[in-house]
Amino acid sequence: MLRLIGKRLLPQTQTLGTPAAAAVGAARFYHERVVDHYNNPRNVGSFDKEDPTVGTGLVGAPACGDVMKLQIKVDEQSGKIVDACFKTFGCGSAIASSSVATEWVKGKQMEEVLSIKNTEIAKHLSLPPVKLHCSMLAEDAIKAAVKDYESKKAKNGSSEM
């Protein structure tokens, strides 16, 4: 939407002093990977949180209002994450961080995804310092989803005895 408005207004506006031109200029501060994941987010959606093979991580940042739900689906035999999805309410950097996180966890073992750090996500997306909290949310959401899955697994294991 912003891109369309900018294309319409930019030819008519010669200075960056106008609000429309400033908005178009502001959009250029995001790295192309952030814009790509924002415009074409991967793995948006949700799984049934009651499914014992699904782990759900729900995290938020009260200071900025971003809320991120990341879910993983685990193959119980191999322990590999076979699918992942997210729903995020927040800025473009939060959405991009969620999208990247779901791509990175797919096909990996549970222990392996716990080593994904927010700094790696931030570096991949070239996030500015003011947006680092978005990558921190993604790391926290991964950890929360793994913890949720493991607690379900432990609960189901104890109820089968």
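A short tour of the structure in this document, coming up. On a predicted model such as this, the values are computed, not experimentally measured, just so you know. (Residues numbered from 1 in each chain as written. Predicted model: local features only at pLDDT ≥ 70, side-chain atom pairs only at ≥ 80, totals over all residues. Heavy atoms only, no water.)

## What about the side chain of Ser98?
Applicable threshold: Helix and strand assignments come from DSSP, with helices taken as H or I runs of at least 4 residues and strands as E runs of at least 2, each series counted from the N terminus. Contacts between residues were defined by any pair of non-hydrogen atoms, one from each residue, lying within 4.5 Å.
Topologically, Ser98 is positioned in helix 4 (residues 92–105). Beyond its immediate sequence surroundings of up to four residues, Ser98 is in contact with Met68, Leu70, Phe86 and Thr88.

## Some words on the nonpolar core
This is how it is decided: Working definition of a nonpolar core: buried Ala, Val, Leu, Ile, Met, Phe, Trp, Tyr and Cys residues. They are joined through side-chain atoms within 4.5 Å. Burial classes follow relative accessibility: with a 1.4 Å probe on protein chains only, a residue under 20% of its type's maximum area counts as buried, one over 50% as exposed, and anything between as partly exposed.
Core analysis: the biggest nonpolar cluster contains 27 residues, and Ile72 and Val105 have the highest contact counts within it. Counting only elements with at least two residues in this core, the list comes to strand 1 (54–61), strand 2 (66–74), strand 3 (81–89), helix 4, helix 5 (110–113), helix 6 (118–125) and helix 7 (132–159). Top contributing element to this core by residue count: helix 7, with seven residues. Apart from the residues within four sequence positions on either side, Ile72 is in contact with Phe47, Thr53, Val54, Gly55, Ile81, Asp83, Ala84, Val105, Met110, Ala145 and Val146.

## Topic: the environment of Ala145
Tracing the backbone through its elements, the reader meets Ala145 in helix 7. Residue classification places Ala145 among the buried residues on the basis of a relative accessible area of 0%. Between the alpha carbons of Ala145 and Leu70 there is a distance of 6.7 Å; along the sequence they are 75 residues apart. In this structure Ala145 touches Gly55, Thr56, Gly57, Leu70 and Ile72, once residues within four positions along its chain are discounted.

## Looking at the environment of Glu103
Looking at the element boundaries, Glu103 is found in helix 4. Between the C-alpha atom of Glu103 and that of Arg42, which follows or precedes it by 61 residues, the distance is 7.3 Å. With residues up to four places along the chain from it excluded, the contact list for Glu103 reads His37, Arg42 and Asn43.

## Some points on unusual backbone geometry
Phi at Asn43 takes a positive value of approximately 65 degrees, unusual for a residue other than glycine. Tracing the sequence through the fold places Asn43 in the loop between helix 3 (32–39) and strand 1. Using a relative accessible area of 21% as the deciding quantity, one classes Asn43 as partly exposed. In this structure, Ser126 takes a positive phi of about 55 degrees despite not being glycine. Considering the arrangement of structural elements, one finds Ser126 in the loop between helix 6 and helix 7.

## Some points on the pattern of salt bridges
We apply this condition: The term salt bridge refers to a pairing of a side-chain nitrogen on Lys or Arg with a carboxyl oxygen on Asp or Glu at a separation within 4 Å.
For the coordinates displayed, the defined rule picks out six salt bridges. Across the pair Lys143 and Glu139 runs a salt bridge whose closest N-O atoms are separated by 2.8 Å. Placement of the pair is Lys143 and Glu139 together in helix 7, with a separation of four residues, close to one helical turn. When its relative accessible area of 35% is taken as the criterion, Lys143 is described as partly exposed. By relative accessible area, which is 8% here, Glu139 ends up buried. The salt bridge involving Lys152 is made with Asp148; its shortest N-O contact spans 3.9 Å. With Lys152 and Asp148 both in helix 7 and four residues apart, the pair spans about one turn of that helix. Owing to a relative accessible area of 15%, Lys152 belongs among the buried residues under this scheme. Of the residues examined, Asp148 reaches a relative accessible area of 22% and is grouped as partly exposed. Residues joined in a network through salt bridges with shared partners are Asp36, Arg42 and Glu103.

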